[in-house]
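Structure at a glance
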Amino acid sequence: MLDDLDDIHPLFHGAPSSAGFKKLRKRIVRQTREAIDQYGMIERDGKKQKWLVCLSGGKDSYTLLAVLHELKWRGLLPVDLLACNLDQGQPGFPATVLPEFLERMGVEHRIEYQDTYSIVKDKVPAGRTYCALCSRLRRGNLYRIAREEGCSAVVLGHHRDDILETFFMNLFHGGRLATMPPKLVNEEGDLFLYRPLAHVAEADCEKFATAMNYPIIPCDLCGSQDGLQRQQVKQILDQWEKNSPGRRQVMFRSLMNIRPSHMLDPKLFDFAGLALGSEKFEQIDTEIPKLR
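What counts, and where the lines are drawn
- Residues numbered from 1 in each chain as written.
- Predicted model: local features only at pLDDT ≥ 70, side-chain atom pairs only at ≥ 80, totals over all residues.
- Heavy atoms only, no water.
- Buried < 20%, exposed > 50% of the residue type's maximum accessible area, 1.4 Å probe, protein only.
- Helix = DSSP H or I, 4+ residues; strand = E, 2+ residues; numbered from the N terminus.
- Arc of directions from axis to C-beta.
- Salt bridge = Lys/Arg side-chain N within 4 Å of Asp/Glu carboxyl O.
- Core = buried A, V, L, I, M, F, W, Y, C linked by side-chain atoms within 4.5 Å.
- Contact = heavy atoms within 4.5 Å.
- Patch = residues over 30% accessible without salt bridge, like charges linked within 9 Å, V, L, I, M, F, W, Y side chains within 5 Å.
- Areas by Shrake-Rupley, 256 points an atom, 1.4 Å probe, with all protein chains shown as cover.
- Pairing = 2+ DSSP bridges.
- Axes fitted to C-alpha atoms, helices over the stretch in contact; angles between N-to-C directions.

Our next topic: helix 3 (residues 97-105). By the burial criterion, the buried members of helix 3 are Leu 98, Phe 101, Leu 102 and Met 105. The buried residues of helix 3 all sit within an arc of 95° when viewed along its axis, so they share a single face. Facing away from the buried side of helix 3 by more than 90 degrees, the exposed set consists of Glu 103 and Arg 104. Just beyond helix 3, the residue with positive phi is Gly 106, at close to 70°.

Here is the structure:
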């Protein structure tokens, strides 16, 4: 079905005809659909949904935009999609690239300009990273836009590797076991936030966006500082993956297979109430299987 040329969405026009690309594309579509189904991103209340699909111009958001339109084109995603780019006033940002691309692709969109870059530069002390404040300001504007456009969800392009890196950043620097969930409700309780690429590898996003020749906008326009914690974690994961191919996927699966009774958080498991003969404590084989 994905090979039919007559009914492909414009975002796929000019797609390579190689077997390798077709396999890549099908894998990304399948993994995205699995995440949407597994985490209940399509609400079952009978109301027509509308998603605000956030587009930064990077490889991940282009992949997200394409695969969601592919699923919708195939009748597998019964939601309306509105692409949105938030121009945050970063020096050198090519403001015409995304509007021209979206117009050419026939994608419904909204371009919003908010100079949060100047605010971040003013508020963040010299030598500190901009990412935390920049992210909060961006998220606040996206929530506002979603409300103005009647959207029920803000949809982001974070992939499997983003989720893994965030987990290890929290582990190494935050003293907690936490990461980016595929689905959450905002603090005000009126919007969902979805990450449909949760199962998709970063390398697949890069291969896909490169093969489609999408106009990638570099992510370093803000002058982001070298030595960020996320880059350090990424280097660690890259080395682990190099030494043991497939390790990233094994670690990701562990985030989906949590045993509260075998952790140390008394808020998640009643250790004090555990008694001999209790069935509350699940005995498991503690031998760690070798990676294959």
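That shown, we press on.
If the charged atoms of two oppositely charged side chains come close together, the side chains can form a pair. Going through the model one piece at a time under the given rule, you end up with 24 salt bridges. In this structure, Glu 34 and Arg 30 form a salt bridge, with 3.4 Å as the shortest nitrogen-oxygen distance. In this pair, Glu 34 and Arg 30 both sit in helix 1 (residues 19-38), four residues apart, roughly one turn of the helix. Take Glu 34: its relative accessible area is 38%, and that puts it in the partly exposed class. With a shortest N-O distance of 3.3 Å, Glu 43 and Lys 183 are connected by a salt bridge. One end of the pair, Glu 43, is in the loop between helix 1 and strand 1 (49-54); the other, Lys 183, is in strand 5 (residues 183-185), with 140 residues separating them in the sequence. Using a relative accessible area of 24% as the deciding quantity, one classes Glu 43 as partly exposed. In this structure, a network of salt bridges that share partners links the residues Lys 50, Arg 110, Glu 112, Arg 144, Glu 148 and Glu 149.

Right, let's talk about the nonpolar core for a bit. One finds Leu 11, Trp 51, Leu 65, Leu 68, Leu 77, Phe 208 and Tyr 214 to be the most contacted residues of the largest nonpolar core, which totals 41 residues. Mapped by element, the contributors of at least two residues to this core are helix 1, strand 1, helix 2 (59-73), strand 2 (79-87), helix 3, strand 4 (153-155) and helix 7 (202-211). Tallying contributions element by element places helix 2 first for this core, with seven residues. If sequence neighbours within four positions are ignored, Leu 65 has contacts with Leu 11, Val 53, Leu 55, Ala 83, Phe 101, Leu 102 and Val 107. Formed by 14 residues, the second largest nonpolar core is a distinct cluster that contains Cys 54, Ile 145, Ala 146 and Cys 151.

Residues Leu 171, Phe 172, Leu 177, Ile 236, Trp 240, Ile 258 and Met 263 make up a contiguous nonpolar surface patch of roughly 630 Å² in combined accessible area. When residues of the nonpolar patch are traced back to their parent elements, those giving at least two are helix 6 (160-174) and helix 8 (229-243). Here Ile 236 lies in helix 8.

This part covers the sheet that holds strand 3 (residues 109-113). Taken in spatial order, the six strands make up an open sheet running 3-2-1-4-6-5, and their pairing is mixed. Because the sheet does not close on itself, it has two edges, and the strands there are strand 3 and strand 5. The mean angle between the axes of side-by-side strands here comes to 25°, regardless of whether they run parallel or antiparallel. As judged from the five bridges shared by strand 2 and strand 3, these two strands associate in the parallel manner. Across the sheet, Leu 86 pairs through a bridge with Glu 112, a residue of strand 3. Here helix 3 sits on the sheet and contacts strand 2 and strand 3; the angle it forms with strand 3, its principal contact strand, is near 170°.

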